[in-house]
Amino acid sequence: LLGIINDILDMSRIESGRLVIKSEEFSFAKTLEQVNTIISGQCRDKGLTYVCRTVGKIEDYYIGDDMKLRQVMINILGNAVKFTPEGGTVTFIVEDVAKLDGKSTLRFTMRDTGIGMSREYLPNIFDPFSQEDSSTTSKYGSTGLGMPITKSIVELMNGSIEVESEKDVGTTFTVT
């Protein structure tokens, strides 16, 4: 219930324009370690393979909002775990794709071998309370708020989020 209440509060802040993105130095290594600890534990418990790798030079520290960034990663990776059957794989790739005037652009690619989504549903994935199939609510448990919140946070950070998916093959989210 606490998670649902927090999601509703986040949506309320977003809709009222009151969700604030901090701009302070944080340890990216520590943030990534925390995310990996949570997600690798969930994967282990469910019998999934978890792979996290970095590509290129990732700095130890960045300026940004580590709590919101962690929320984005955990929302997407948590869904990957939730919708991937036992024996599947969740992959997380972190890249620093551009540097300019002391600023970096990071790209996070999160891929799973889960149940996937139909092409028809994909345009609706970021709509509040949207779910492809109401039977997944009872099977997987979901409010339909995680992806709209994630997209709003990414956009408030001047980023973009893209999704590709195929039924019974898996899903890839790319956050830049």
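One can find the structure itself at the top, above this paragraph.
The rules we used
Residues numbered from 1 in each chain as written. Predicted model: local features only at pLDDT ≥ 70, side-chain atom pairs only at ≥ 80, totals over all residues. Heavy atoms only, no water. Buried < 20%, exposed > 50% of the residue type's maximum accessible area, 1.4 Å probe, protein only. Helix = DSSP H or I, 4+ residues; strand = E, 2+ residues; numbered from the N terminus. Pairing = 2+ DSSP bridges. Axes fitted to C-alpha atoms, helices over the stretch in contact; angles between N-to-C directions. Parallel < 35°, antiparallel > 145°, perpendicular 65-115°, else oblique. Left-handed = near helix turned anticlockwise from the far one by under 90°. Contact = heavy atoms within 4.5 Å. Nonpolar A, V, L, I, M, F, W, Y, C, P; charged D, E, K, R; others polar.

### What about the pairing of strand S3 (residues 61–64)?
Here is step 1 of the chain: Here S3 shows a buried face lined by Tyr62 and Gly64 and an unburied face lined by Tyr61 and Ile63.
Here is step 2 of the chain: Sheet analysis places strand S1 (residues 24–27) next to S3, joined by four bridges and oriented antiparallel. Directly across from serine 27, in S3, lies its bridge partner tyrosine 61.

### Comments concerning the packing of helix H2 (residues 28–46) against helix H3 (residues 66–82)
Here is step 1 of the chain: Where H2 meets H3, the axes come as close as 10 Å, and the angle between the chain directions of the two elements is 20°. Between H2 and H3, the interaxial angle falls into the category roughly parallel. In terms of crossing hand, the pair formed by H2 and H3 is right-handed. Each of Phe28, Thr31, Gln34, Val35, Ile38, Ile39, Gln42, Cys43 and Lys46 in H2 lies in contact with H3, whose residues at this interface are Asp66, Leu69, Arg70, Met73, Ile74, Leu77, Gly78, Val81 and Lys82.
Here is step 2 of the chain: Here the contact of H2 with H3 is composed, by residue class, of 10 nonpolar, four polar and four charged.

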